[in-house]
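Here is what each chain is made of, one letter per residue.
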Amino acid sequence: MAQVVEKKELTFEDFKTEVLNDYKIARISRECSLLGRKEVLTGKAKFGIFGDGKEVPQLALAKAFQNGDFRSGYYRDQTFMMAIGAMNIEQFFAGLYGHTDINFDPMSAGRQMGGHFATHSLDENGNWKNLTEQKNSSADISPTAGQMPRLLGLAQASKIFRNVEGIDTTNFSKKGNEVAWGTIGNASTSEGLFFETINAAGVLQVPMVMSVWDDEYGISVHARYQTTKENISEILKGFQRDEESNGYEIMNVKGWDYPALVETYQRASQIAREEHVPVLIHVDELTQPQGHSTSGSHERYKSAERLAWETEFDCLAQMRKWLLENNLATTEELEAIDSQAKKDVLDGKKAAWTNFTSPIKAERDELVQVLQTVAASSANKVFIEKYANDLAAIKEPIRKDIITTARKVLRMVALESGKTQLAVWITEYTAKIQPKFSSHLYSQSAQNVFAVSEVKPTYDETAEEVDARLVIRDNFDAIFAKYPETLIFGEDSGNIGDVNQGLEGMQEKYGEMRVSDAGIREATILGQGIGMAMRGLRPIAEIQYLDYLLYAIQIMSDDLATLQYRTAGRQKSPLIIRTRGHRLEGIWHSGSPMGMIINAIRGIHVLVPRNMTKAAGFYNTLLQTDEPALVVECLNGYRLKEKMPTNLGEFKTPIGVVETLKEGKDITIVSYGSTLRLVEQAAKELLEVGIDVEIIDIQSLLPFDINHDIVKSLAKTNRLLIVDEDVPGGAAAFILQQIVEEQKGYKHLDSQPETLSAKAHRPAYGTDGDYFSKPSIEDIFEKVYEIMNESNPTKYPSLY
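The structure reproduced in this document is the subject of the present report. Just so we're clear, the structure is a prediction, and the values are computed from it rather than from any experiment. (Residues numbered from 1 in each chain as written. Predicted model: local features only at pLDDT ≥ 70, side-chain atom pairs only at ≥ 80, totals over all residues. Heavy atoms only, no water.)

Time to look at the overall build of the protein. Each helix and strand counted, the protein has 27 helices and 22 strands in total. Scaling as 2.2 N^0.38, a compact globule of 800 residues should have a C-alpha radius of gyration of about 28 Å, and the protein matches this with 30 Å. With the principal axes as the frame, the protein shows a C-alpha extent of 100 × 85 × 45 Å. Per-residue burial for the protein yields a buried fraction of 59% across its 800 residues. (Helix = DSSP H or I, 4+ residues; strand = E, 2+ residues; numbered from the N terminus. Rg over C-alpha atoms; globule rule 2.2 N^0.38 Å. Buried < 20%, exposed > 50% of the residue type's maximum accessible area, 1.4 Å probe, protein only.)

Dropping the structure here:
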């Protein structure tokens, strides 16, 4: 049960002080919105999306929000962030300007537009802070309703912490008493992710409070085009819990009614925190004084009557009215607060702009001096001096102005002595500036995947060959015993032990909290994992088949893959995603859309083990790291025989390292996963006609061959074939780019590098469908033979 915190009785003066402080925060937030819009329209900022009109309900939310709680929200929650002390005026404007120093823009170090909020879960070294001693906000994303799946996991973590023994909760939870607070605009409740999450939270009964900010519009589109009955709480009434069944507590409150809002949020907090029951709060009759964003005017789509109503029922106007009517403030006091808020915001804006522009101006001045020095000895002196003067004359330069000028001048001195000085400056400047925009796509902490050393599986002399699914099952058993914070969930993962029996008996042994079935809802399965991993648990989210990953690819791409990047390394979610794929039967059970996946989820490691021992080793490795990964097990490999290792849970497959399965001298074949078995058989048949193939298992698509072992093979064979069951131009194109361009493999090739992929369509049903859709042994044989025919037609005469 939640701990009861005794509150001291507030005196009237204390109450008045608190309320007036709330009003002050709301006024500051409003002034930030108003001035922020002007900064965009004058060109100092690129785009603005603000929280005006939503201030008062966010004050109430902040009052109920406690240390250890998490927010997963909407990009208009600036008042809330200010109210919990997580953002000040200067930081607001730093985010608007895109300041790349995290000390000035702690939300994203300039990587996201303003309005996208986060707190720091990690210190500068990537280590967990004590999340129970601070108020937490998961990093926002722009895709509407994209915050919903993650919210589910943030809430579920409290349920796990409360009910699973043995987990070290020191930095993460106090008996599961934390609430996950979601916010969303009413129009975005039309998204499927909203409904999927609402349903899942009701099933799981997690401590989640979902606020819907309802101002009747989604950009310019009225609610009658968005929501049945124009009322989200009305159509969700069936979720209301009763004496006979679980569900939600659903509350309605007006967005301009300060006392009712405070009471509503306190009640919602208590229900969710103590009972672990989800709550939906529909906050309606809100306004949006400046319209959706700086890209349009709401006067174009709102009637005169609606605009007049919005003026009267603006939540700040109504709060001001309430303060006066209840003798909590005089007109003079409120005008003084308003005036001071304007001054504070203007001062904060000026300071933020100075902080943003000062280092850039210093960089500009440094380059101007270099250009003047270079110009003195150049035949193009006049032109270079003009570039220098033009750059110096820019009142508010950006870094693009600086570096483009330097690079244009470099062309002018390419044959002169001044080239060296300028080239060195450009190189050093780029090395200093580029990380401000590109760091932390992957972990830079001491727990990154490259910090884990390989540990090979060991075997007894009498090791028996067993169905490979037993290797993965027994390794999971070892994992669950070793790591109490590890849990797995997905469709059919619990009771039956997954569709391939890789989790057989695990639920019975470790309980339903740790080995769980989930509904058919891939996006929120991913969301469960993201949110729980953000709170220190080590979840494994299972997607039944690789094809079904498409349901979750948006969440993987927009949320999980970008998390470390968009927080400049101050949040992480080391989620492991387990799935199975490649060859089986039919269009939606045998796909291999790896090209789409690897290009959509940069920031997540993509591992493609050829057998279950390799897969088990990847899980063991990943649990020693702080990074997310996708593991694609071979769907047709569970019944194949493998030896049972003796060091289950301990052996580790290295990430980013290829493995040579067969050495050869004539051609290098590179592949991964199930296709390797076909390559190995084709290699045997090719040997019969005198062609000696070298076979390399990629093992890991992201990262790819970090030791550049493939190019070492090409130096020996001088020929390359990539075999892939993705569509033409899919993963094979990436592999080819890595080998030929990144590894400079072209230097060693005596013939054109080739790829052999599946047909452009989805694989057809049945064994024949597989044969005529994906590379076969014969396809591989003949492709290699054709390459050898080109080099030696006498020895290898054409087959056709």
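Read on for the rest.
In this section: the pairing of strand E18 (residues 667–671). Each regular strand shows side chains that alternate between the opposite faces of the sheet. Among the 5 residues of E18, 5 are classified as buried, and the element is accordingly described as predominantly covered. Where burial is concerned, the two faces of E18 agree: the one with Ile667, Ile669 and Ser671 and the one with Thr668 and Val670 are both buried. Pairing geometry for E18 and strand E19 (residues 693–697), over 5 bridges, is parallel. What sits directly across from Ile667, in E19, is Val693. Of the crossover connections in this fold, the one passing from E18 over helix H23 (residues 675–687) to the parallel E19 is right-handed. By the bridge criterion, 3 bridges tie E18 to strand E21 (residues 720–723) in an arrangement that is parallel. (Pairing = 2+ DSSP bridges. Right-handed = clockwise from strand over helix to strand, strands pointing away.)

It is worth spelling out the pattern of salt bridges at this point. With the rule as written, the count across this model stands at 54 salt bridges. The partner of Asp215 in a salt bridge is Lys54, and the shortest N-O contact between them spans 3.0 Å. A residue pair is termed long-range when its members are at least 10 positions apart, and Asp215 in the loop between strand E4 (208–213) and strand E5 (217–218) and Lys54 in the loop between helix H1 (12–41) and helix H2 (55–64) qualify at 161 residues. You'll find Asp215 and Lys54 in the same group, each marked buried. (Salt bridge = Lys/Arg side-chain N within 4 Å of Asp/Glu carboxyl O.)

It is the contact of H1 with H2, at a shortest axis distance of 10 Å, that shows an interaxial angle of 130°. Accordingly, the angle class assigned to the pair H1 and H2 is oblique. Considering how the two elements wind past one another, H1 and H2 form a crossing that is right-handed. Residue-level contacts link Glu18, Asp22, Ile25, Ala26, Ser29 and Arg30 of H1 to Glu55, Leu59 and Lys63 of H2. A breakdown of the residues in the contact of H1 with H2 according to their chemical character gives 3 nonpolar, 1 polar and 5 charged. (Axes fitted to C-alpha atoms, helices over the stretch in contact; angles between N-to-C directions. Parallel < 35°, antiparallel > 145°, perpendicular 65-115°, else oblique. Left-handed = near helix turned anticlockwise from the far one by under 90°. Contact = heavy atoms within 4.5 Å. Nonpolar A, V, L, I, M, F, W, Y, C, P; charged D, E, K, R; others polar.)

Across the sheet, 7 strands lie side by side as E11-E10-E12-E13-E15-E14-E20; this open sheet has mixed pairing. The strands lining the two open edges of the sheet, one partner per strand, are strand E11 (515–517) and strand E20 (700–702). When the angles between neighbouring strand axes are averaged without regard to direction, this sheet yields 20°.

This paragraph deals with helix H4 (residues 89–97). Within H4, 8 of the 9 residues are buried, leaving the element largely enclosed by the surrounding structure. Where H4 is concerned, the buried positions are Ile89, Gln91, Phe92, Phe93, Ala94, Gly95, Leu96 and Tyr97. Buried residues in H4 make contact with H1, helix H3 (78–83) and helix H11 (331–376). Backbone nitrogen of Glu90 and a side-chain oxygen of the N-cap are separated by 3.2 Å at the start of H4; the cap is Asn88. (Polar contact = N/O pair within 3.5 Å; in protein donor to acceptor, adjacent residues only side chain to side chain.)

Once that is clear, we can look at a nonpolar patch on the surface. The grouping of Leu10, Phe12 and Phe15 at the surface amounts to a nonpolar patch, some 290 Å² of accessible area in total. Here Leu10 lies in the segment before H1. (Patch = residues over 30% accessible without salt bridge, like charges linked within 9 Å, V, L, I, M, F, W, Y side chains within 5 Å. Areas by Shrake-Rupley, 256 points an atom, 1.4 Å probe, with all protein chains shown as cover.)

Moving on to the packing of aromatic side chains. The full count for this structure, using the stated rule, is 26 aromatic pairs. Taking the centre distance of 5.9 Å and the plane angle of 90° together, the rings of Phe239 and Tyr248 count as edge-to-face. Given a relative accessible area of 1%, Tyr248 falls into the buried group. Connected via pairs of aromatic rings, a cluster forms that spans Phe50, Phe92, Phe93, Tyr97, Trp353 and Phe356. Geometry around Tyr217 places Lys302 over its ring, the cationic atom sitting 5.3 Å from the centre. (Phe/Tyr/Trp six-rings, centres within 6.5 Å; stacked < 30°, edge-to-face > 60°. Lys NZ or Arg CZ within 6 Å of the ring centre and 35° of its normal.)

Turning our attention to the sheet that holds E21. Whenever strands of a sheet pair, they do so through backbone hydrogen bonds, lying parallel or antiparallel. Strands sit in the order E17-E19-E18-E21-E22 across an open sheet of 5 strands; the sheet is mixed. Lying at the two open borders of the sheet, with one neighbouring strand each, are strand E17 (659–662) and strand E22 (754–756). Taken pair by pair, the neighbouring strands of this sheet meet at an average axis angle of 25°, ignoring direction. For E21 and E22, the ladder comprises 3 bridges, and the chain directions are parallel. The partner of Val723 across the bridge, within E22, is Leu756. Sheet strands in contact with helix H25 (residues 731–742) are E18, E21 and E22, and its direction is about 150° off that of E21.

Here the focus is the nonpolar core. Counting residues in each nonpolar core, the largest one holds 113 residues, and the members touching the most others are Met594 and Ile735. The element best represented in this core is helix H5 (residues 148–163), accounting for 8 residues. (Core = buried A, V, L, I, M, F, W, Y, C linked by side-chain atoms within 4.5 Å.)

The next thing to look at is unusual backbone geometry. With omega at 0°, the peptide bond leading from Leu702 into Pro703 counts as cis. Relative to the helices and strands, Pro703 resides in the loop between E20 and helix H24 (709–717). The phi angle at Glu230 is positive, at roughly 55°, despite the residue not being glycine. On the basis of relative accessible area, Glu230 is assigned to the partly exposed category, the value being 40%. You will see that Ala568, though not glycine, has its phi angle at about 50°, which is positive. Exposure remark for Ala568: the relative accessible area of 12% places this residue in the buried category.

Before going further, it helps to spend a moment on the side chain of Ser33. Structurally, the position occupied by Ser33 is in helix H1. Of the residues examined, Ser33 reaches a relative accessible area of 0% and is grouped as buried.

Let us look at helix H8 (residues 258–275). Over its 18 residues, H8 runs 26 Å from end to end, which matches the ideal 26 Å to within 8%, given 1.5 Å per residue. Every buried residue belonging to H8 is among Tyr258, Leu261, Thr264, Tyr265, Ala268, Ser269, Ile271, Ala272 and Arg273, and all of these are buried. Once H8 ends, the next one or two residues include His276, with phi positive near 55°. (Expected span 1.5 Å × (residues − 1).)

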